[in-house]
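Overview (structure and organization)
Chain by chain, the residues run as shown.
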Amino acid sequence: MSGHDHHHHHDHEHDNHFTPIEARVKALESLMVEKGYVDLSALDAIIDTYETRIGPRNGARVVAKAWSDPAYAARLKTDGTAAVAELGYGGRGGEHIVACFNTPEEHNLIVCTLCSCYPWPVLGLPPVWYKSPPYRSKAVIDPRGTLADFGVSLPEGQRIRVWDSTAETRFIVIPMRPEGTEGWSEEELASIVSRDSMIGVGLPSPEDRP
Ligand code: FE
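Rules of the game
Sequence order as written defines residue numbering, which begins from 1 separately in each chain. Reporting of local features is limited, given that this is a predicted model, to residues whose pLDDT is at least 70; pairs of side-chain atoms are given and counted only at 80 or more, and all residues count toward the totals for whole chains, interfaces and linings. Hydrogen atoms and water are omitted, and side-chain values are computed over all heavy atoms in the structure. In this description a helix means any DSSP run of H or I spanning at least four residues, a strand means any run of E spanning at least two, and both kinds are numbered starting from the N terminus. Here the term buried applies to any residue with accessible area under 20% of the maximum for its type, exposed to any over 50%, and partly exposed to those in between, with areas from a 1.4 Å probe on protein chains only. By the convention used here, residues are in contact when the closest approach between their heavy atoms is within 4.5 Å. The accessible surface values rely on the Shrake-Rupley method and a 1.4 Å probe; as for residues, cover is taken only from the protein chains in view. In protein, a polar contact means a hydrogen-donor-capable atom and an acceptor-capable atom, both N or O and within 3.5 Å, with residues adjacent in sequence counting only if both atoms are side-chain atoms; elsewhere, any N or O pair within 3.5 Å suffices. Keep in mind that water is not among the atoms, so a site may look incomplete; donors are the N, O and S atoms within 2.8 Å of the metal, or 3.2 Å for Na, K and Ca. Geometry is assigned from donor-metal-donor angles: four donors are tetrahedral when every angle falls between 85 and 135 degrees, four are square planar and six octahedral when opposite donors sit over 155 degrees apart with all other angles between 65 and 115, and any other arrangement is irregular. What pLDDT expresses is the predictor's confidence in each residue, scored from 0 to 100. The term nonpolar core refers to a set of buried residues drawn from Ala, Val, Leu, Ile, Met, Phe, Trp, Tyr and Cys, joined through side-chain atoms within 4.5 Å. When two rings of Phe, Tyr or Trp (its six-membered ring) have centres within 6.5 Å they constitute a pair, described as stacked for plane angles under 30 degrees, edge-to-face for angles over 60, and tilted for the intermediate range. Lysine and arginine charges are scored as sitting over a ring when NZ or CZ, respectively, is within 6 Å of the ring centre and within 35 degrees of the ring normal. A pair is scored as a salt bridge if a Lys or Arg side-chain nitrogen falls within 4 Å of a carboxyl oxygen belonging to Asp or Glu. By definition, no residue in a patch forms a salt bridge, and every one has over 30% relative accessible area; like charges are joined within 9 Å, nonpolar side chains (Val, Leu, Ile, Met, Phe, Trp, Tyr) within 5 Å.

A short note on the overall build of the protein chain
Assigned secondary structure in the protein chain consists of 10 helices and 4 strands. Going residue by residue from the N terminus, the α and β elements of the protein chain occur as α-α-α-α-α-β-β-α-α-α-β-β-α-α. Looking at the protein chain residue by residue over its 210 residues, the buried ones come to 42%. Partitioning the intrachain contacts of the protein chain with sequence separation of at least 6 by distance along the chain shows that 71% fall at a separation of at least 24. Per element, the accessible surface of the protein chain, about 11,200 Å² overall, is 56% carbon and sulfur.

Brief notes about the pairing of strand β4 (residues 170–174)
Along β4, 5 of the 5 residues are buried, which leaves the element largely enclosed by surrounding structure. Across the two faces of β4 the burial is the same, with Arg-170, Ile-172 and Ile-174 and Phe-171 and Val-173 all buried.

Description of the side chain of Thr-166
In this fold, Thr-166 is placed in the loop between β3 (159–164) and β4. Judged by its relative accessible area of 5%, Thr-166 is buried. A distance of 3.1 Å separates a polar atom in the side chain of Thr-166 from the backbone nitrogen of Glu-168. Of note is the side chain of Thr-166, whose polar atom sits 2.9 Å from the backbone nitrogen of Thr-169.

Focus on the coordination of the iron ion
Protein coordination at the iron ion comes from Cys-112 (SG), Cys-115 (SG), Cys-117 (N) and Cys-117 (SG), with a distance range of 2.2 to 2.8 Å. For the iron ion, the 4 donor atoms are set out with angles of 76 to 122 degrees between them, so the coordination reads as irregular. Mapped onto the polypeptide sequence, the residues donating to the iron ion form the spacing pattern C-x2-C-x1-C. In terms of burial, Cys-112 and Cys-115 fall into one category: buried.

Topic: the confidence of the model for the protein chain
Residue-level pLDDT values for the protein chain average 87, and 89% of them are 70 or greater. Across residues 1–15, where pLDDT falls below 50, the model places 34 contacts with residues more than four positions away in sequence or in other chains.

Re the nonpolar core
Core analysis: the biggest nonpolar cluster contains 47 residues, and Val-62, Leu-76, Leu-109, Val-122, Tyr-135 and Ile-174 have the highest contact counts within it. Among the elements that line this core, the one with the most residues is helix α3 (residues 40–68), at 6 residues. In contact with Val-62, other than residues within four places in its own chain, are Tyr-72, Leu-76, Val-84, Leu-87, Tyr-89 and Val-122.

Quick word on the packing of aromatic side chains
Evaluation of the coordinates by the stated rule reveals 7 aromatic pairs. Each ring, one from Trp-129 and one from Tyr-130, has its centre 6.4 Å from the other, and the planes form 65 degrees; the classification is edge-to-face. Given a relative accessible area of 21%, Trp-129 falls into the partly exposed group. Each member of the aromatic cluster is reached from another via a ring pair, and the members are Tyr-118, Trp-129, Tyr-130, Tyr-135 and Phe-150. Directly above the aromatic system of Trp-120 lies the positively charged group of Arg-170, at a separation of 4.9 Å from the ring centroid.

Examining the environment of His-107
Mapped onto the secondary structure, His-107 falls in strand β2 (residues 106–111). On the basis of relative accessibility, which here comes to 1%, the residue His-107 falls in the buried class. Note: C-alpha distance between His-107 and Gly-200 (93 residues apart in sequence) is 7.5 Å. Setting aside chain neighbours within four positions, we find His-107 in contact with Asn-102, Leu-147, Leu-154, Gln-158, Arg-159, Ile-160, Arg-161, Gly-200, Gly-202 and Leu-203. Reaching out from His-107, the side chain makes a polar contact with the side chain of Asn-102 at a distance of 3.4 Å.

Focus: the pattern of salt bridges
Here the structure, examined in full by the defined rule, presents 7 salt bridges. Here Glu-86 ties to Arg-75 by a salt bridge, and the two come within 2.7 Å at their closest N and O atoms. Here Arg-75 lies in helix α4 (residues 70–78) and Glu-86 lies in helix α5 (residues 80–86), a separation of 11 residues in the sequence. The exposure class of Glu-86 is partly exposed, given its relative accessible area of 42%. Within the structure, one salt-bridge network assembled from shared partners comprises Glu-106, Arg-159 and Arg-161.

Regarding a nonpolar patch on the surface
On the surface, Ile-46, Ile-47, Tyr-50, Ile-54 and Leu-125 cluster together into a nonpolar patch covering about 430 Å² of accessible area. Secondary-structure assignment places Ile-54 in helix α3.

The structure is reproduced here in structure tokens:
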């Protein structure tokens, strides 16, 4: 397994703690809920929107451009951080982004075994399950079983490569462009690239076009 040298425990711990601003936001949020100003379920809906829709749109644009523009795909393969920055994405959690291209021979799956490192600039907030101990251990021990849990079954001959995210290096999966998308615009292509497909627990399908 690549990228599994965790020489960065200090940085890693940052992911499990709130920054002063995040702590203030959390405190304020609790107060608002306690006072009845904010409905927690409404907050959950907002968070869900960021997790599954708004956040991952950046990554979806990266994937759609890679599918449409071979020169961009080549740059993305060589230097993920720079190629993602071309589209204006970067910053905290995106200092070193590596794009893992799925091929017929190899499928890529992302995890952070130690905590919850995640490529925020391209995928937004990590889903709750990504941070859960069962996902973090099973993804490494039984990647094929993990994919089955998400309803994904790959051809037997396709290897699964697991990438362990760290504070230094974050990964994004570039799924294969599905058949049936010939002639689609980048925007149409981006619309079928889900967050899960960029973590490696999902596959894009032309039927997902809105
Ligand atoms: Fe982590």
